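Survey of secondary and tertiary structure
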Amino acid sequence: MDKNISHSEDLTRYIFNHRYIRSNKTVRWNAFIPNNRDGETSVYRITGISDTEIFDIGERFVAKAIGKPLLGRTDIGVSKIFKQKLKVRPEPSPHPRHANIYGWPDEGSERRLIAMKLENDSQPHLI
Amino acid sequence: MQPQSLVEERKKFEDYLIAKNLTTIEDPEYEDSDPGPKYLEKTCAFINPEKRGDTTPQLVALASLCTVIIRSPNTSKYLEEYYSNFNKEREITGDNEANEDRFEVYLEAKGISTDIQTMLDQLTQVYQDCSEESWDGYDALPISEKAYFEAAKLIMLLPSHINKPEIIPEPTGEIALEWYLGKNFIFVISVGGNNLITYAGLFGSTSKTHGTEYFGTKLPSIIVDSIQRLFGMA
């Protein structure tokens, strides 16, 4: 994978908890909130691979490792991440396509607002 | 001695137990702990519960030999377990003086609307489902007990005319109440048990709000205004 992430690439966030999914099958903003450990949001680079391959990565490299069933994913363009003044960097473990969204503001309310905008720009694919 | 019931002849108690606990949980004395039996003893005032005259204390000592049954499905479960565990080692044997004090206290959810009760039940479910670390598979913090109680307080303070929100966990260990009308029309408030409400919302593609307010005994007006603003746009 290219070490530089282009603004034209697409990313996906895998979903493992049903509380991130609304009854109308949309994926909630809170799925994008960065974790407390490193303040980053784990995503995968999906440009150039098929739908089946995307889900296969989620199953084999994420769901299996954390021991939770994969419920779906939500895709978002890198340009939409940049639009919110966030950054993305490759983190090629546990998979070469793994990346992290970082640069979130410290203020919790601002993070939520940004996450809501990311939700608006994302496309859910539920299993 | 058979347990005596206070249900039928129960004197009016000050308020519904949970409501009392939740609205006064910020009492510094119990800031870092559960509202235990002593707290109950202080807040759950029965006046002469069994007409025992002068020998009956004004305050029922729940810490001793009282069985507490909170009749409120799901929401009560947590507190029931708490008191059940607390009293587990307080067995009554033989016909001793202690038995004289044994009675059951039934605490019913009075004055709570079905909507609020439904939300409290949903909240309890969220708390139970997300009380372990990494509940989302991404190192999410467990929902804390403090967040749970503060969210319950928040729910009970919602004005009755406001639409029911969805209750959702956050990976930060906080609990959020979400009003979602569709893309770009959403308002969310979050609590984490630290007397702060964080809010954020989108009111169309160009209008937004976010911030943090102190959360004491009242719902900050900006919260109510924002919810009304959202639904005024629907």
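Definitions and limits used
- Residues numbered from 1 in each chain as written.
- Chains lettered and ligands numbered in written order.
- Predicted model: local features only at pLDDT ≥ 70, side-chain atom pairs only at ≥ 80, totals over all residues.
- Helix = DSSP H or I, 4+ residues; strand = E, 2+ residues; numbered from the N terminus.
- Rg over C-alpha atoms; globule rule 2.2 N^0.38 Å.
- Buried ≥ 20, exposed ≤ 12 C-beta atoms within 10 Å, placed from the backbone.
- Contact = placed C-beta atoms within 7 Å.
- Core = buried A, V, L, I, M, F, W, Y, C linked by C-beta atoms within 7 Å.
- Nonpolar A, V, L, I, M, F, W, Y, C, P; charged D, E, K, R; others polar.

1. Regarding the overall build of chain A
Scanning chain A from terminus to terminus reveals three helices and six strands. Secondary structure elements in chain A, listed N-terminal to C-terminal, are β-β-α-β-α-β-β-α-β. Scaling as 2.2 N^0.38, a compact globule of 127 residues should have a C-alpha radius of gyration of about 14 Å, and chain A matches this with 13 Å. For chain A, the C-alpha atoms occupy an extent of roughly 35 × 35 × 25 Å along the three principal directions. In chain A, which comprises 127 residues, the proportion classed as buried is 40%. Long-range pairs, those at least 24 residues apart, make up 74% of the contacts in chain A with a sequence separation of at least 6.

2. Some remarks on the nonpolar core
Residues and elements named next belong to chain B. Ranked by internal contacts, the top residues of the largest apolar core, which has 70 residues, are Leu-123, Tyr-148, Ala-151 and Ile-175. It is helix 5 (residues 145-157) that contributes the most residues to this core, seven residues altogether. Those residues in contact with Leu-123, other than ones at most four positions away along the chain, are Tyr-148, Ala-151, Ala-152, Ile-155, Ile-167 and Ile-175.

3. Structural notes on the interface of chain A and chain B
Between chain A and chain B, the residue contacts involve 21 residues of the former and 26 residues of the latter. Among the elements that make up the side of chain A that touches chain B, the one with the highest residue count is helix 3 (residues 108-121) of chain A (seven residues). By residue class, the composition of the side of chain A that touches chain B is six nonpolar, eight polar and seven charged.

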